[in-house]
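Chain by chain, the residues:
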Amino acid sequence: MSDANVARLEHVNLTVPDAKATAAMLCRLFGWHVRWEGPALGNGHTVHVGNQVSYLAVFTPPAEPNAASFDRMRTGHLNHVGVVVDDLDATEARVKAEGHEPYSHDDYEPGRRFYFKDENGIEFEVVSYGR
């Protein structure tokens, strides 16, 4: 398959209790911006946050969503969202400043990483390939 035919991931859509608050937190952590915001499925609200190439769509339904269950063994479960950053240490400092606890640090070939869960129970893997 030539590069012209290789698919790329455009977005992932996540349900959260407060799309605007989650989008703002993601902007602060990762330097992203709001690409679009507006009405969504069933009178809900969605915010697209990311960069020019890819984004997370954070969706809030009109009624309080059910709490997330974190079960890696359940089919269809989203295990984590991976985000590549240039400066892992600076990003970790911002994660801590937001009140999240980084864990599972690892230095492996070809990069370094850590994980954290946000206030919605969504796990993020933050990785840097710059040594």
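Residues numbered from 1 in each chain as written. Predicted model: local features only at pLDDT ≥ 70, side-chain atom pairs only at ≥ 80, totals over all residues. Heavy atoms only, no water.

Caption draft 1: Region of interest: the confidence of the model for the chain. With 89% of its residues at a pLDDT of at least 70, the chain reaches an overall mean of 90. At the level of individual helices and strands, the chain shows its lowest average pLDDT in strand 1 (residues 11-15), which scores 93, and its highest in helix 2 (residues 88-97), which scores 98. (pLDDT = per-residue confidence, 0-100. Helix = DSSP H or I, 4+ residues; strand = E, 2+ residues; numbered from the N terminus.)

Caption draft 2: Expanded view of the pattern of salt bridges. Enumeration according to the criterion identifies six salt bridges in this entry. In this structure, glutamate 98 engages arginine 28 in a salt bridge whose closest nitrogen and oxygen atoms are separated by 2.6 Å. Of this pair, glutamate 98 sits in the loop between helix 2 and strand 6 (103-108) while arginine 28 is found in helix 1 (residues 19-30), placing the two residues 70 residues apart along the sequence. A relative accessible area of 28% means that glutamate 98 is categorised as partly exposed. Arginine 28 sits in the partly exposed class, given a relative accessible area of 46%. (Salt bridge = Lys/Arg side-chain N within 4 Å of Asp/Glu carboxyl O. Buried < 20%, exposed > 50% of the residue type's maximum accessible area, 1.4 Å probe, protein only.)

Caption draft 3: Highlighting the sheet that holds strand 7 (residues 111-117). Ordered by their spatial adjacency, four strands build an open sheet running 5-8-7-6, and the pairing between neighbours is mixed. For this open sheet the edge positions go to strand 5 (81-84) and strand 6, each flanked by a neighbour on one side alone. With direction set aside, neighbouring strand axes in the sheet form an average angle of 20°. Two strands pair when backbone bridges link them, and strand 7 and strand 8 (residues 123-128) are joined in this way by six bridges, in the antiparallel orientation. When the sheet's bridge partners are listed, arginine 112 is paired in strand 8 with serine 128. The strands touched by helix 1 within the sheet are strand 5, strand 7 and strand 8, with strand 8 carrying the most contacts at an inclination of about 20°. (Pairing = 2+ DSSP bridges. Axes fitted to C-alpha atoms, helices over the stretch in contact; angles between N-to-C directions. Contact = heavy atoms within 4.5 Å.)

Caption draft 4: Here's a closer look at the packing of aromatic side chains. Within the structure shown, the criterion is met by four aromatic pairs. Both rings, one in phenylalanine 30 and one in tryptophan 32, keep their centres 5.0 Å apart while their planes meet at 45°; by these two values the pair is tilted. A residue is classified by how much of its surface remains accessible, and tryptophan 32, at 19% relative accessible area, is buried. Judged by centre distance (6.2 Å) and plane angle (20°), the rings of tyrosine 103 and tyrosine 115 are stacked. Note that tyrosine 103 is positioned in strand 6 and tyrosine 115 in strand 7, a separation of 12 residues in sequence. Each residue in the set Phe30, Trp32, Phe116 and Phe124 is aromatic and connected to the rest through ring pairs, giving one cluster. (Phe/Tyr/Trp six-rings, centres within 6.5 Å; stacked < 30°, edge-to-face > 60°.)

Caption draft 5: Focus on the packing of helix 1 against helix 2. Where helix 1 contacts helix 2, the two axes come as close as 8 Å, and the packing angle between them is 145°. On helix 2, the residues that touch Arg28, Leu29 and Phe30 of helix 1 are Thr91, Arg94 and Val95. When grouped by side-chain class, the residues that make up the contact of helix 1 with helix 2 number three nonpolar, one polar and two charged. (Nonpolar A, V, L, I, M, F, W, Y, C, P; charged D, E, K, R; others polar.)

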